[in-house]
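Architecture at a glance
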Amino acid sequence: MQTRVTRLLGIDYPIIQGGMQWVGVAELAAAVSNAGALGILTALTQPTPDDLRREIARTREMTKRPFGVNLTILPSINPPPYAEYVDAILDGGVRVVETAGNSPKAFIDRFKAAGVIVVHKCTTVRHALSAERNGVDMVSIDGLECAGHPGEDDVGGLVLIPAAARVLKIPVIASGGIADGRGLAAALVLGAEGVNMGTRFCATREAPIHDNIKRALVNASERDTALIFRTLKNTARVLRNAIAEEVVATERRPGGCAFEDIRPLVAGARGREALRSGEVDNGVVTAGQCVGLIDDIPSCAELIARMVGECRDRFAEGSRYFG
């Protein structure tokens, strides 16, 4: 498959693994890259910049194919040393960076001087246009269906993808709600030149999470996610489990709630432990609505090959309508 995304990134198929906290480690990223797509390490999954250096080196031992690093920039009272994580990325010779959260403007010049391709993740067209003006090379546009933070505008991919593609000059990568070759075909028809998948790659053999979590994703329907933090204007889509239900109930109390009221439920360490232990109801498990399209736990290579075949079949089937 040939799009600007595949040509710029040096990959065979326009499929990018999401930069998932606690999940984007060497084993998964290398498996995705070896299958012809683009694997992504998650910088802040690593406790320190030096740990990220070691994880980049581990990934290089597992694949000779291109891979990238996700750097999510979030407002914080005590922010991580983002500049030092940038140093680690550049020291490791990484040539693709996915940025998310706040604008990566402060680091773009450094990345571009080193020949790094910058993909910025957005949830709105206006932010995508701003990222383009700031010099990013591609935009990954996240619809309301996505796992994690879909923003506050509540626009689904069917509208958001073509809305972005028609005004941006740089390539658009579709994100949110995509789990198979039908979604890949649809994204391309809507004007995207690639797709980004997080939840689907969680339900693969190489994903570093407990099998109980993977089976929960397989067993879930498209109705089995919940939107939390709505009242705090920091909406996040997660798997509907006991924790998510309690958070939503707390937010719906008369008078609402403060973040401190739910902090013990949504603590990152608790979510990480749930992924490790397989206790599905004991932490936040990030997941998108595409769980309703997930029926098995293949290897990354099997998943990507199947997606490409399904995409080809969808285009062949569609051509018959104009016979």
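Computed from a predicted structure; not experimentally measured. (Residues numbered from 1 in each chain as written. Predicted model: local features only at pLDDT ≥ 70, side-chain atom pairs only at ≥ 80, totals over all residues. Heavy atoms only, no water.)

Focus: the environment of threonine 204
- Among the structural elements, threonine 204 can be located in the loop between α9 (199–202) and α10 (211–219).
- Overall, the relative accessible area of 0% leaves threonine 204 in the buried class.
- C-alpha of threonine 204 to C-alpha of leucine 9: the two residues are 195 residues apart in sequence and 23 Å apart in space.
- The contacts of threonine 204, once residues within four sequence positions are left out, are Leu28, Lys214, Ile297, Pro298, Cys300 and Leu303.
- Polar side-chain contacts of threonine 204 include one of 2.7 Å to the backbone oxygen of phenylalanine 201. (Helix = DSSP H or I, 4+ residues; strand = E, 2+ residues; numbered from the N terminus. Buried < 20%, exposed > 50% of the residue type's maximum accessible area, 1.4 Å probe, protein only. Contact = heavy atoms within 4.5 Å. Polar contact = N/O pair within 3.5 Å; in protein donor to acceptor, adjacent residues only side chain to side chain.)

A short note on the domain arrangement of the protein
- Partitioning the protein into domains gives domain 1 (4–208 + 296–320) and domain 2 (211–289).
- Look at where the C-alpha atoms of domain 1 and domain 2 centre, and you get two points 23 Å apart.
- Buried surface at the junction of domain 1 and domain 2, both sides included, amounts to about 1,600 Å², of which 57% is carbon and sulfur.
- Contact with domain 2 buries area across many residues of domain 1, yet Trp22, His149 and Glu152 alone supply 32% of it, more than any other trio. (Domains from an automatic or database assignment. Buried area = accessible area lost by both parts, 1.4 Å probe.)

Focus: the nonpolar core
- If you look at the biggest cluster of nonpolar residues, it comprises 76 residues, and the most contacted ones within it are Ile15, Phe111 and Phe201.
- The residue makeup of this core includes at least three contributed by each of domain 1 (4–208 + 296–320) and domain 2 (211–289).
- Those residues in contact with isoleucine 15 that lie beyond four places of it in its chain are Ala37, Leu38, Leu184, Val195, Met197, Phe201, Ile304 and Met307.
- Grouped together as the second largest cluster of nonpolar side chains are 13 residues, Ile228, Cys257, Leu265 and Val266 included. (Core = buried A, V, L, I, M, F, W, Y, C linked by side-chain atoms within 4.5 Å.)

A few points about the pairing of strand β7 (residues 172–175)
- Alternating positions in β7 separate into two faces, Val172 and Ala174 on one and Ile173 and Ser175 on the other, with burial throughout.
- When strand β6 (residues 138–142) meets β7, the two strands line up parallel, connected through 4 bridges. Bridged to isoleucine 141 within β7 is alanine 174.
- Crossover handedness for the path β6 to helix α7 (residues 157–165) to β7: right-handed. (Pairing = 2+ DSSP bridges. Right-handed = clockwise from strand over helix to strand, strands pointing away.)

Looking at the packing of aromatic side chains
- Under the criterion given, the structure shown has 1 aromatic pair.
- Arranged with centres 6.3 Å apart and planes meeting at 65°, the rings of phenylalanine 229 and phenylalanine 259 form a pair that is edge-to-face. Linking phenylalanine 229 in the loop between β9 (225–228) and β10 (236–239) with phenylalanine 259 in helix α12 (residues 259–266), this pair joins segments that are 30 residues apart in sequence. (Phe/Tyr/Trp six-rings, centres within 6.5 Å; stacked < 30°, edge-to-face > 60°.)

Digging into the environment of aspartate 295
- Mapped onto the elements of the fold, aspartate 295 is located in the loop between α13 (268–277) and α14 (300–319).
- For the pair aspartate 295 and arginine 215, spaced 80 residues apart in the sequence, the C-alpha separation amounts to 9.2 Å.

What about the packing of helix α8 (residues 181–189) against α14?
- The N-to-C vectors of α8 and α14 enclose an angle of 55°; their axes lie 7 Å apart at closest approach. Considering the angle they form, α8 stands oblique to α14. In terms of crossing hand, the pair formed by α8 and α14 is right-handed. Touching Gly181, Arg182, Leu184, Ala185, Leu188 and Val189 of α8 are Met307, Glu310, Cys311, Arg314 and Phe315, all from α14. (Axes fitted to C-alpha atoms, helices over the stretch in contact; angles between N-to-C directions. Parallel < 35°, antiparallel > 145°, perpendicular 65-115°, else oblique. Left-handed = near helix turned anticlockwise from the far one by under 90°.)

Things to note about the pattern of salt bridges
- Taken as a whole, this structure holds 21 salt bridges when the rule is applied.
- Between glutamate 302 and arginine 205 there is a salt bridge whose closest N-O contact spans 3.3 Å. Residue glutamate 302 is located in helix α14, and its partner arginine 205 is located in the loop between α9 and α10; the two are separated by 97 residues in the primary sequence.
- With a relative accessible area of 42%, glutamate 302 lands in the partly exposed category.
- A salt bridge links glutamate 317 to arginine 320, with the nearest nitrogen and oxygen atoms 3.0 Å apart.
- When salt bridges with common partners are traced through the structure, they connect Glu27, Glu55 and Arg58 into a single cluster. (Salt bridge = Lys/Arg side-chain N within 4 Å of Asp/Glu carboxyl O.)

Here we look at the sheet that holds strand β5 (residues 117–122)
- Judged by pairing direction, the sheet is parallel, and its 8 strands sit side by side in the order β1-β8-β7-β6-β5-β4-β3-β2 without closing on themselves. The open sheet terminates on both sides in strands that have one partner only, identified here as β1 (15–17) and β2 (39–42). Looking at each pair of strands side by side, their axes are set apart by 25° on average, direction ignored.
- Two elements, β5 and β6, share 4 bridges in a ladder whose sense is parallel.

Remarks on unusual backbone geometry
- The phi angle at tryptophan 22 is positive, at roughly 75°, despite the residue not being glycine.
- Owing to a relative accessible area of 24%, tryptophan 22 belongs among the partly exposed residues under this scheme.
- The backbone of aspartate 154 shows a phi angle near 60°, a positive value even though the residue is not glycine.
- Within the fold, aspartate 154 resides in the loop between β6 and α7.
- Relative accessible area serves as the criterion here: at 35%, aspartate 154 is assigned to the partly exposed category.

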